[in-house]
Amino acid sequence: MWRLSATSVGRALNEGYTGALLLEELSAVAVDGSLPQTLEYLVKDTARVHGQIRVAASASCVRCVDEALAREMVADRALRDLRARLIAGTVLVSAKPPEETTALLRRAGYMPVREDESGDPVIERGRSTGGVTEDGQESARLPHVVRQQELESCARSLMGLS
């Protein structure tokens, strides 16, 4: 007796089986060559949803305000070292870490702003203009991260509200 579930079918799909191949191989070992309808439904339903969620390897994510800019960056030969690819209209992923991606974008004439893990902007103090040295290398000094809360406090202070 076989006990198959969506989990066990999912494991087979993760190992490279397709729904059709799995049904074919199960039919080949079935006593009369036919499978119960519920098993066919289970395999087909599981195969239909398998892979609807994708996890891609990337070192950094780049968000743009418009799709044309994102497509331009992917096509820009000056950015080929990023190995960037578009994953949504205004989102691309880079094979380089955020610091290196930022430096490459700046060298190519773009004006990116880095974000930390929570989405707050990373304010880079003490860097040369554009964050790139005269020889085109990223400055070695570490950025000072200013949180949204600090920016709001500064704005209240400037407006005389604190």
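Note: the structure precedes this text.
Predicted, not measured: the structure shown is a model, and the values here were computed from it.

Peer 1: Mind showing me how you'd approach the sheet that holds strand 1 (residues 60–63) here?
Peer 2: Either a parallel or an antiparallel arrangement is found when strands of a sheet pair, and the pairing is made through backbone hydrogen bonds. With antiparallel pairing, three strands are arranged side by side in an open sheet as 1-3-2. Both edges of this open sheet fall to strand 1 and strand 2 (85–88), since each of them pairs with a single strand only. On average, each strand axis in the sheet is tilted by 35 degrees relative to the strand beside it, whichever way the strands run. Both strand 1 and strand 3 (residues 91–94) contribute to a ladder of four bridges, which runs antiparallel.

Peer 1: Looking at this structure, how should I read unusual backbone geometry?
Peer 2: What is expected of a backbone is that most residues other than glycine have negative phi and most peptide bonds are trans. In this structure, arginine 83 is a non-glycine residue whose phi angle is positive, near 50 degrees. Look at arginine 83 and you get exposed, because its relative accessible area is 59%.

Peer 1: Can you help me understand helix 1 (residues 6–14) in this one?
Peer 2: In an α-helix there are 3.6 residues to a turn, and that puts residues three or four apart on one side. Listed in full, the buried residues belonging to helix 1 are Ser8, Val9, Gly10, Ala12 and Leu13. Those residues of helix 1 that are buried are in contact with helix 2 (19–29) and helix 3 (37–49). Within two residues after helix 1, glycine 16 carries a phi angle of roughly 115 degrees, on the positive side.

Peer 1: It is not clear to me how a nonpolar patch on the surface should be interpreted in this structure. Could you clarify?
Peer 2: On the surface, Trp2, Leu4 and Val29 cluster together to form a nonpolar patch covering roughly 300 Å² of accessible area. Inspection of the secondary structure puts valine 29 in helix 2. On the basis of relative accessibility, which here comes to 55%, the residue valine 29 falls in the exposed class.

Peer 1: How do you make sense of the side chain of serine 60 when you look at a structure like this?
Peer 2: Assignment of secondary structure puts serine 60 in strand 1. Within the structure, the side chain of serine 60 is placed 3.0 Å from the side chain of threonine 101, a separation counted as a polar contact. Among all residues touching serine 60, those that are not within four sequence positions of it are Leu92, Val93, Ser94, Lys96, Pro97, Pro98 and Thr101.

About the criteria used
- Residues numbered from 1 in each chain as written.
- Predicted model: local features only at pLDDT ≥ 70, side-chain atom pairs only at ≥ 80, totals over all residues.
- Heavy atoms only, no water.
- Pairing = 2+ DSSP bridges.
- Helix = DSSP H or I, 4+ residues; strand = E, 2+ residues; numbered from the N terminus.
- Axes fitted to C-alpha atoms, helices over the stretch in contact; angles between N-to-C directions.
- Buried < 20%, exposed > 50% of the residue type's maximum accessible area, 1.4 Å probe, protein only.
- Contact = heavy atoms within 4.5 Å.
- Patch = residues over 30% accessible without salt bridge, like charges linked within 9 Å, V, L, I, M, F, W, Y side chains within 5 Å.
- Areas by Shrake-Rupley, 256 points an atom, 1.4 Å probe, with all protein chains shown as cover.
- Salt bridge = Lys/Arg side-chain N within 4 Å of Asp/Glu carboxyl O.
- Polar contact = N/O pair within 3.5 Å; in protein donor to acceptor, adjacent residues only side chain to side chain.

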